[in-house]
Amino acid sequence: MLCLSKHNDVIRCHTECLTNGTSGKFLDWINVFAKHHTILATHLENIKSSTKKQRLTFLSKSSQNSILNYIAESIRETILKEVKLAGMYSLILDSTTDVTKLDQFAFVLRHDLIGQAYDGSSNMQGAVKRLRSLIQNENKSTLHVWCGAHCLNLAVVDSCEATECAQDLFGTISSFSATRWTYHDRSLEVKQITYKSIILTLKKLALKKLTKKNRHLANSFLKQLNSFKFVLTIHMMRNIFSITTPLSNYLQNLAIDLIQAIHLIKVTRQQIQDLRAMKTESVYANLFTETKLFCEAQDLEEHDLAEVLK
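The notes below deal with the structure included here. What you are looking at is a predicted structure, and each value in this text was computed from that prediction instead of being measured.

### Here we look at the overall build of the chain
Part 1 of the reasoning: For the chain, the helix and strand inventory stands at 15 helices and four strands.
Part 2 of the reasoning: Here the contacts in the chain between residues at least 6 apart in sequence split such that 53% fall between residues at least 24 apart.
Part 3 of the reasoning: As displayed, the chain offers around 21,400 Å² of accessible surface, 58% of which is attributable to carbon and sulfur atoms.

Structure below.
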């Protein structure tokens, strides 16, 4: 169990039975070890040959969960001892929803600094009666730092809400799938690759006998995806993300170097300012050319901005 947990392996299968060909990695390894351990082999044989359900086998999902809980508690106690011996530590907290819509909480301790870092949530970094203040009441030296990656993320989010075209783009994307802002760059890339398939799917949905609301949504999405402005916005945002994403990834790197991070922030800010000031006109010319070629390759209804402005 410890080995499987260490390698983050799946322990159980959909159906767990010692007589199955595949019964999950934990039970599969138990069967393997039984070939070289007489007492364990006898125990398994008694379980398999018994006509009654045995209440205590130490192999059930409850037993497996108990073992995992003991391992987790042992790790927690070891970390607490190391932190107490270190005397100085930093604290980083964050949470996110997983694919099942459950909130997963990350609690990170580092033993070489004194500090705390959170996102912008008021219940985390509020100056009065929040986690930040509760910790600082116990230790005045715990310097609070707003997560740099989260600050960058907020800046990108605000910029994407600044124009109607960007709002339409990301509003449409969120309708297809729930995507965290930090992954919108990858999301746009995937949708570009599968653009034709998405359109074909929407066309089929629009022709099916669906509810009036769903047909309307399919036709609305089709109209947007065939729009030259919509495709131009995709390419423009991919251009912006190509500047911000490397910085975002580096700010979340475990091996981050402060001097290098400051340098990357300055470089990223300058690239964005140059883009805004239109100092690189060739970028915009290439942007329109790429968008036009993409529209033609996908056989969209609008191939050029000139057609839209007529």
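Having seen it, we continue.
### Description of the packing of aromatic side chains
Part 1 of the reasoning: Here the structure, examined in full by the defined rule, presents three aromatic pairs.
Part 2 of the reasoning: Ring geometry for Tyr195 and Phe294: centres 5.1 Å apart, planes at 80°, overall edge-to-face. One end of the pair, Tyr195, is in helix α10 (residues 195-207); the other, Phe294, is in helix α14 (residues 281-297), with 99 residues separating them in the sequence. This pair shows no difference in class: Tyr195 is buried, exactly as Phe294 is.

### Details of the packing of α10 against helix α11 (residues 212-225)
Part 1 of the reasoning: In the contact formed by α10 and α11, the axes pass within 8 Å of each other and the chain directions differ by 145°. The way α10 lies across α11 gives a crossing that is left-handed. Taking contact as the criterion, the partners of Tyr195, Ile198, Ile199, Leu202, Lys203, Leu205 and Ala206 in α10 are, on α11, Arg215, Ala218, Asn219, Phe221, Leu222 and Leu225.
Part 2 of the reasoning: Each residue belonging to the contact of α10 with α11 can be placed in one class, and the counts come to ten nonpolar, one polar and two charged.

### Quick notes on the side chain of Thr268
Part 1 of the reasoning: You can see Thr268 is positioned in helix α13 (residues 258-276).
Part 2 of the reasoning: When near neighbours in sequence (up to four residues on either side) are disregarded, Thr268 contacts Ile243, Thr244 and Leu247.

### Remarks on α11
Structural remark: α-helix, 3.6 residues per turn; residues separated by three or four positions point the same way.
Part 1 of the reasoning: Compared with the 20 Å implied by 1.5 Å per residue over 14 residues, the 20 Å span of α11 between its first and last C-alpha is a close match.
Part 2 of the reasoning: By the burial criterion, the buried members of α11 are Ala218, Phe221, Leu222 and Leu225. Within α11, the buried residues cover an arc of 105° as seen down the axis, which keeps them to one side. Exposed and facing more than 90 degrees away from the buried side of α11 are Lys212, Lys213, His216 and Lys223.

### Focus: the pattern of salt bridges
Part 1 of the reasoning: As enumerated under the stated definition, the model contains four salt bridges in all.
Part 2 of the reasoning: Ionic pairing is found between Arg76 and Glu73, a salt bridge with its closest N-O pair at 2.8 Å. On the criterion of helical spacing, the pair formed by Arg76 and Glu73 is a turn pair, its members being three residues apart in helix α4 (residues 61-86).
Part 3 of the reasoning: With a shortest N-O distance of 3.3 Å, Asp185 and Arg238 are connected by a salt bridge. Note that Asp185 is positioned in helix α9 (residues 184-193) and Arg238 in helix α12 (residues 228-251), a separation of 53 residues in sequence.

### Quick notes on the environment of Leu202
Part 1 of the reasoning: Along the chain, the position of Leu202 falls in helix α10.
Part 2 of the reasoning: Overall, the relative accessible area of 5% leaves Leu202 in the buried class.
Part 3 of the reasoning: When the C-alpha positions of Leu202 and Leu222 are compared, they lie 6.5 Å apart, and in sequence the two are 20 residues distant.

### Let's talk about the environment of Leu300
Part 1 of the reasoning: Within the fold, Leu300 resides in the loop between α14 and α15 (305-309).
Part 2 of the reasoning: For Leu300, a relative accessible area of 3% translates into the label buried.
Part 3 of the reasoning: Put simply, Leu300 and Lys223 are 77 residues apart on the chain and 9.9 Å apart in space, counted from C-alpha to C-alpha.
Part 4 of the reasoning: Among all residues touching Leu300, those that are not within four sequence positions of it are Tyr195, Ile199, Leu225, Asn226, Val231 and Cys295.

### Observations concerning the sheet that holds strand β2 (residues 103-110)
Strand pairs in the sheet, formed through backbone hydrogen bonds, run parallel or antiparallel to each other.
Part 1 of the reasoning: Read from one edge to the other, the open sheet built from four strands follows the order β2-β1-β3-β4, with strand pairing classed as mixed. Whereas interior strands pair on both sides, the edge strands pair on one side only; in this sheet they are β2 and β4 (143-146). Across the sheet, the mean angle separating the axes of adjacent strands is 20° when strand polarity is ignored.
Part 2 of the reasoning: Pairing between strand β3 (residues 115-118) and β4: four bridges, direction parallel. In the strand pairing of β4, Ala117 is matched with Val145.
Part 3 of the reasoning: Sheet strands in contact with helix α6 (residues 131-138) are β1 (90-97), β3 and β4, and its direction is about 175° off that of β3.

### Looking at the nonpolar core
Part 1 of the reasoning: Counting residues in each nonpolar core, the largest one holds 32 residues, and the members touching the most others are Leu169, Phe170, Leu188, Tyr195, Leu202, Leu225 and Met237.
Part 2 of the reasoning: When residues of this core are assigned to their parent elements, the largest contribution, ten residues, is made by α12.
Part 3 of the reasoning: With twelve residues, the next largest nonpolar core counts Ile11, Ile30, Leu40 and Leu59 among its residues.

### What to know about unusual backbone geometry
Part 1 of the reasoning: Even without a glycine there, the phi angle at Phe58 is positive, about 65°.
Part 2 of the reasoning: By the element assignment, Phe58 lies in the loop between α3 (38-49) and α4.
Part 3 of the reasoning: Among the residues examined, Phe58 registers a relative accessible area of 53% and is labelled exposed.
Part 4 of the reasoning: With a phi close to 55°, Asp299 is a non-glycine residue in the positive phi region.
Part 5 of the reasoning: For Asp299, the position within the fold is in the loop between α14 and α15.
Part 6 of the reasoning: The class of Asp299 is exposed, set by a relative accessible area of 61%.

Quick notes on the rules
- Residues numbered from 1 in each chain as written.
- Predicted model: local features only at pLDDT ≥ 70, side-chain atom pairs only at ≥ 80, totals over all residues.
- Heavy atoms only, no water.
- Helix = DSSP H or I, 4+ residues; strand = E, 2+ residues; numbered from the N terminus.
- Contact = heavy atoms within 4.5 Å.
- Areas by Shrake-Rupley, 256 points an atom, 1.4 Å probe, with all protein chains shown as cover.
- Phe/Tyr/Trp six-rings, centres within 6.5 Å; stacked < 30°, edge-to-face > 60°.
- Buried < 20%, exposed > 50% of the residue type's maximum accessible area, 1.4 Å probe, protein only.
- Axes fitted to C-alpha atoms, helices over the stretch in contact; angles between N-to-C directions.
- Left-handed = near helix turned anticlockwise from the far one by under 90°.
- Nonpolar A, V, L, I, M, F, W, Y, C, P; charged D, E, K, R; others polar.
- Expected span 1.5 Å × (residues − 1).
- Arc of directions from axis to C-beta.
- Salt bridge = Lys/Arg side-chain N within 4 Å of Asp/Glu carboxyl O.
- Pairing = 2+ DSSP bridges.
- Core = buried A, V, L, I, M, F, W, Y, C linked by side-chain atoms within 4.5 Å.

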